[in-house]
Amino acid sequence: MAGYDDRDGQIWMDGQMVDWRQANVHILSHAMHYASSVFEGERAYNGKIFLSREHSERLHFSAGELDFQIPYTVDEIEAAKQQVLTANGLTDAYVRAVAWRGAGEDMGVSSARNPVHLAIAAWEWGSYYGDAKYKGAKIDISKWKRPSPETIPVHAKAAGLYMICTTSKHAAEAKGCSDALFMDYRGYVAECTGANIFFVKDGEVHTPKADVFLNGLTRQTVIGRLQDKQIKVHERVIMPDELESFEQCWLTGTAAEVTPVGQIGDYNFEVGALCRDVAEDYEQLVRA
């Protein structure tokens with residue numbers, strides 16, 4: 001399989017469509033050295049990007065949290081994403097928008113004089129967790145913890161915040177797991193490396209309060225759909241020792257969509273009716 005740097009297709013970069021293999025940046029781009037980059041992961045279904053505008057708005061918000069301004073409006077980003085889908089002949093696809101501080105006059109921690117760039121790519125991408133979407137994912141527990149909001153901009157979708165996600169997922173995969181679950185700096189259950197988490201007990205849903213991690217758009221969507229069906233949702237502090245008492249579990253995220261969980265560490269969960277219903281409801285919603 002060709003690497004992501006060696007494919008046919010077009011990538012939108014700074015207002016122009018560029019051949020996939022020529023979509024490159026300078027080695028002294030500030031983002032490569034100091035993680036001054038924000039991004040969005042989105043999915044298109046039947047030619048329409050689900051919650052597209054909300055993703056573009058969050059991209060702007062994230063950039064602001066990192067003290068830079070994207071030189072394209074939300075409307076311009078929306079148009080560019082459609083151009084990318086059309087140029088690559090895609091209807092069902094994963095869409096990646098990324099904005100970063102490039103190479104310029106500054107090459108230290110400060111980068112106020114460096115230009116800000118924006119690129120958008122799209123490609124076909126199946127189930128994020130493979131057959132775990134049907135069998136239930138196996139999840140490791142990370143040794144790392146989600147930091148305090150006093151230390152990082154926790155609500156930005158910023159590249160640098162994924163450093164511990166990469167190391168945690170590598171460790172999980174080495175154990176035969178699909179992903180890893182983080183606790184936060186207080187010891188509370190938080191999220192997985194690229195997905196939010198939900199639990200079921202006695203017909204009610206419990207999910208960690210999104211106060212130190214990204215409040216995912218898929219998370220928000222699923223909570224709203226559950227509430228519309230009069231299913232009680234508790235957004236609250238969840239302690240690690242509560243995992244044993246939960247009956248069902250699933251993950252949510254743009255890439256993950258709704259994926260059931262069969263195991264976290266030593267705790268097992270059934271892929272139950274509510275979990276399946278949520279996954280089917282989400283699938284119908286995004287393709288409506």
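See above for the structure.
These lines cover the structure that appears in this document, whether it is placed above or below. (Residues numbered from 1 in each chain as written. Predicted model: local features only at pLDDT ≥ 70, side-chain atom pairs only at ≥ 80, totals over all residues. Heavy atoms only, no water.)

## A word on the nonpolar core
Phase 1: By size, the foremost hydrophobic cluster in this structure holds 25 residues, and its most contacted members are Ile 70, Leu 85, Leu 118 and Ile 120.
Phase 2: Looking at this core, the elements with two or more residues in it are β3 (37-45), α2 (52-65), α3 (74-87), β5 (93-101) and β6 (116-123).
Phase 3: Ranked by size, the runner-up nonpolar core spans 20 residues in total, among them Leu 181, Ile 238, Cys 249 and Ala 256. (Core = buried A, V, L, I, M, F, W, Y, C linked by side-chain atoms within 4.5 Å. Buried < 20%, exposed > 50% of the residue type's maximum accessible area, 1.4 Å probe, protein only. Helix = DSSP H or I, 4+ residues; strand = E, 2+ residues; numbered from the N terminus.)

## Quick word on a nonpolar patch on the surface
Phase 1: On the surface, a cluster of nonpolar side chains totalling about 600 Å² of accessible area is made up of Ile 27, Leu 28, Met 32, Tyr 34, Met 107 and Val 109.
Phase 2: Inspection of the secondary structure assignment puts Leu 28 in the loop between β2 (16-19) and α1 (30-34). (Patch = residues over 30% accessible without salt bridge, like charges linked within 9 Å, V, L, I, M, F, W, Y side chains within 5 Å. Areas by Shrake-Rupley, 256 points an atom, 1.4 Å probe, with all protein chains shown as cover. Salt bridge = Lys/Arg side-chain N within 4 Å of Asp/Glu carboxyl O.)

## Some thoughts on the packing of α2 against α3
Phase 1: Their axes nearest at 9 Å, the elements α2 and α3 cross at an angle of 125°. The pairing of α2 with α3 is recorded here as oblique in orientation. Here α2 and α3 pass one another in a crossing that is right-handed. Contacts between α2 and α3 involve Ser 52, Arg 53, His 55, Ser 56, Glu 57, Leu 59 and His 60 on the former and, on the latter, Val 74, Asp 75, Ile 77, Glu 78 and Lys 81.
Phase 2: Of the residues contributing to the contact of α2 with α3, the split by class is 3 nonpolar, 4 polar and 5 charged. (Axes fitted to C-alpha atoms, helices over the stretch in contact; angles between N-to-C directions. Parallel < 35°, antiparallel > 145°, perpendicular 65-115°, else oblique. Left-handed = near helix turned anticlockwise from the far one by under 90°. Contact = heavy atoms within 4.5 Å. Nonpolar A, V, L, I, M, F, W, Y, C, P; charged D, E, K, R; others polar.)

## Some words on the pairing of β6
Phase 1: β6 sits mainly inside the fold: 7 of its 8 residues count as buried.
Phase 2: Where strand β1 (residues 10-13) meets β6, 2 bridges bridge the pair, whose relative direction is antiparallel. What sits directly across from Met 13, in β6, is Ala 119.
Phase 3: Pairing between β5 and β6: 8 bridges, direction antiparallel. For Ala 97, the partnering residue across the bridge sits in β6 and is Ile 120. (Pairing = 2+ DSSP bridges.)

## Description of the environment of Ile 70
Phase 1: As for its placement among the helices and strands, Ile 70 is situated in the loop between α2 and α3.
Phase 2: Linking Ile 70 and Val 116, residues 46 residues apart in sequence, is a C-alpha distance of 6.4 Å.
Phase 3: In contact with Ile 70, other than residues within four places in its own chain, are Leu 59, His 60, Ala 63, Ile 77, Ala 99, Val 116 and Leu 118.

## What about the packing of helix α6 (residues 217-228) against helix α7 (residues 273-286)?
Phase 1: It is at 11 Å that the axes of α6 and α7 come closest, and there the two elements cross at 110°. Classified by the angle between their axes, α6 and α7 sit roughly perpendicular to one another. For the pair α6 and α7, the sense of crossing is right-handed. Packed against α6, whose contacting residues are Thr 218, Thr 221, Val 222, Arg 225 and Leu 226, the element α7 presents Leu 274, Val 278, Asp 281, Tyr 282 and Leu 285 at the interface.
Phase 2: Across the contact of α6 with α7, the residue classes tally to 6 nonpolar, 2 polar and 2 charged.

## Considerations on the pattern of salt bridges
Phase 1: For the structure shown, the criterion picks out 19 salt bridges.
Phase 2: One salt bridge in this structure joins Arg 21 and Asp 6, with 2.7 Å as the shortest N-O distance. On the criterion of sequence distance, the pair formed by Arg 21 in the loop between β2 and α1 and Asp 6 in the segment before β1 is long-range, its members being 15 residues apart.
Phase 3: With a shortest N-O distance of 2.8 Å, Arg 58 and Glu 40 are connected by a salt bridge. Placement of the pair is Arg 58 in helix α2 and Glu 40 in strand β3, with a sequence separation of 18 residues.
Phase 4: Exposure remark for Arg 58: the relative accessible area of 12% places this residue in the buried category.
Phase 5: When salt bridges with common partners are traced through the structure, they connect Asp 6, Asp 8 and Arg 21 into a single cluster.

## Notes on the pairing of strand β10 (residues 196-201)
Look at any regular strand and the pattern is simple: side chains alternate between the two faces of the sheet.
Phase 1: Counting buried residues in β10 gives 5 out of 6 residues, a clear majority hidden from the surface.
Phase 2: Bridge count for β10 against strand β13 (residues 248-253) is 5 bridges, and the pairing is antiparallel. Opposite Phe 199, over in β13, you have Cys 249 as the bridge partner.

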